[in-house]
Structures are given as structure tokens and as C-alpha cells.
Amino acid sequence: MRALVRTLTALAAVTLCCFAMTGAGADEPAAASCRSFPFPVPQGQLAATLCLPPGGTDTVMVLMSGSNFNGSYWDFGYEPQTYSFRRAMNAAGYATLVVDRLGNGASTRPPALTLTATATAAALHDIVQAARRGLAGAAPFAKVITVGHSLTAGTSVMETTAYHDVDGVVLTGYSHAINVPETLGVISSYHPADEDPEFAGRGYDPDYLTTRPGARLHDFFDSGDVEPEVLDRDEQTKEVFSLTEYPDGMLSTLPGMSNLIDVPTLVVAGGRDRMICGADYSACADSATLHAEEALFYAPAARLRVFVLPGSGHAVNLARNTADYRAEVIDWANSTVGH
């Protein structure tokens, strides 16, 4: 009898173990291994977090925050299963390196007027080279993809055309169809960070700017494609920048520079991005329309692919339907660079 009880107990334990493996927990992706560290640059240090997928990979995506955002844009804290781009890329088998620009997050905060997109592009180059040598205890990566948003999409263009050292480029919140009046309207929503409730009393010099409270819905989202909770979290995690980062950064949107890209390139825009979709959003009517607009600015070596996320504003990572955009990035990466 005791032997029978022991046998039944063991069988029950095995059954419970198998149920646990095939139940709710089986739907959760295996956790990536992440490590945060400072990356030295001439003006200080950049805050960086490297996450490796289970099983390892030969390819890393460098995700650099654009103006008005920090690294939380790539690894959003609210409902990460929906809004964390970093988590989705790790689940797809890619390593990610999330990097805050100078002045943002835990990165060094030099005088605002010393910041330029050119310096950011040089720092991005240093990061790419470090990733190829082995970074933060990780094995060297054979392949590097830079993924930028808005301002840092521009610096990604600057980096790859200056150094030709990456294997692929993803440019989000970016196009050559700049709507100048709308862009100037967004700029008018900025004010000194030291006057903002999120930053007052934290020692920001008056040349650091941020968006006025409540302005981000108009500037970076479409009201029909964003959750209220996302807007609240985005306001809490918004960032600062300097206008001195824009003049050289905007050069990437002029004819000429992007024609020098010689690696696979994916351009992503929200269909309701008021700054980069031309008049009345006409350039972003659909992916084919924007591709026709953008193809003039890229050489055949870029193997240009374009995706428009319908209904999304500038912040494509935080749109309700952002999963469609993430799937496009993964499909592009798998079919061009691979891991």
C-alpha cells in the first residue's frame, strides 16, 4: 500500500509539473538576460542596457532614444507584452542594446548647447564597434542593426553613411516628406525643462527643453490609436533635449545623404504622423504610397522597404496597433540580416 501511495504521489507530481509547463506560463516568452552599464563618450557616459535572448544570437539591435523620449520608449513599462519593442525583439531572437542620448535618462547631462546630432552619430559608431568587439561581457556580435526614432533615425543615417559599419538600418518616425508648418507647430509646444513639473528642481540648465504638459497627444499621437494609460505613462517618462541637436540632424532629411546607405533599410511611419507625412498626411496614405515617395532618396543597395502603421501618430511604439509594426520589423530583419 505504501509503495502504491508513493507511486501515485510521484505520478501526481509529474502531472502537476507538466500542467504548469503547458498552462498559462507556457505562453510567456522566456526572459531575456539584461545588464545595464555606462558607455564612455567624450562628453561623459551614455546609459545602456544590453539584453540577450535565451540561447544567444549573433545579431544585436542598437535602440537609441530620440528627442522627447528616453530608453523607456523602447521598453515601455505599461503592458510590456504589448508595448515593449525591446521585449518583442528579444523574443524573436535578437539581442537589444537600449541607449539614452546625452542629457537623457541616466546618461551624463552636459551643457545643453554643446549637444549635436553629429556627436550622437559618432557615439553610435563607437557603440557599433564595441558591440562587434564584445560589450558588457557578451560575446562579439557578428551583425549590428541600428534602430532609431525621429532624431536618432537621422543620426542612424549619419552614422551608416559616414562609417559603413552596420548590417541594417531601421528608421522609424522618419521620412523625407517633412511637413514644415506642422513641425514648427510641434516645436512651439516646447518650454524650458526647469519650468516643467516633471523636471523642476532637478538642476537642468535653461537651454534643455521639453514638451509642455498635455501637449504630447497632439504632437506624437493620434487620439484614436492610443490608450489613456499610455498617454499618462508617456507624460511621466518624457524627456529633454536641446535645439542644437536639430540643425545637423535635419540634414539627413535633405536629398543626398540617405542615397549613400548601402545596407538593407526599413523606413517606418505612422499614418497620422503630422510631422513627416506631408500635407494632409497624403505621403502616408499607405505603405506603397510612402515607398514611392521615399524610393527617390535611396540607392538600390539599400533594398528599401517601407511600412506605414495605419492610424498611428509619431510614436509608433506606443500606438494601439504597434504589434503590426513590430511584426514588420521582425520579418524585415529575418529576411535581410538574420540572427
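Just so it is clear, the structure is predicted and the values come from calculations on it, not from any experiment.

Quick notes on the rules
- Residues numbered from 1 in each chain as written.
- Predicted model: local features only at pLDDT ≥ 70, side-chain atom pairs only at ≥ 80, totals over all residues.
- Heavy atoms only, no water.
- Phe/Tyr/Trp six-rings, centres within 6.5 Å; stacked < 30°, edge-to-face > 60°.
- Helix = DSSP H or I, 4+ residues; strand = E, 2+ residues; numbered from the N terminus.
- Buried < 20%, exposed > 50% of the residue type's maximum accessible area, 1.4 Å probe, protein only.
- Pairing = 2+ DSSP bridges.
- Axes fitted to C-alpha atoms, helices over the stretch in contact; angles between N-to-C directions.
- Contact = heavy atoms within 4.5 Å.

Asker: Can you help me understand the packing of aromatic side chains in this one?
Answerer: Working definition: an aromatic ring pair is given by the centre-to-centre distance plus the angle between the planes. Evaluation of the coordinates by the stated rule reveals 11 aromatic pairs. Relative to F241, the ring of Y190 has its centre 4.6 Å away and its plane inclined at 70°; by these criteria the two rings are edge-to-face. Taken together, the residues Y190 in strand β7 (residues 190–192) and F241 in the loop between α8 (228–236) and α9 (246–249) connect sequence positions 51 residues apart. Residue Y190 shares its accessibility class with F241, and that shared class is buried. Ring centres of F199 and Y204 lie 5.3 Å apart, and the angle between their planes is 75°; on these two criteria the pair is classed as edge-to-face.

Asker: Explain the sheet that holds strand β6 (residues 168–172) here, please?
Answerer: Hydrogen bonds between backbone groups are what pair the strands of a sheet, and the pairing can be parallel or antiparallel. Strands sit in the order β1-β2-β4-β3-β5-β6-β9-β10 across an open sheet of 8 strands; the sheet is mixed. Sheet topology places β1 (33–41) and β10 (305–309) at the edges, where each strand pairs with a single neighbour. The sheet shows a mean angle of 20° between the axes of neighbouring strands, taken without regard to direction. Across 5 bridges, strand β9 (residues 265–270) lies against β10 in parallel orientation. Opposite G270, over in β10, you have L309 as the bridge partner. Where helix α10 (residues 287–294) meets the sheet, it contacts β9 and β10, and its direction lies at approximately 135° from that of β10.

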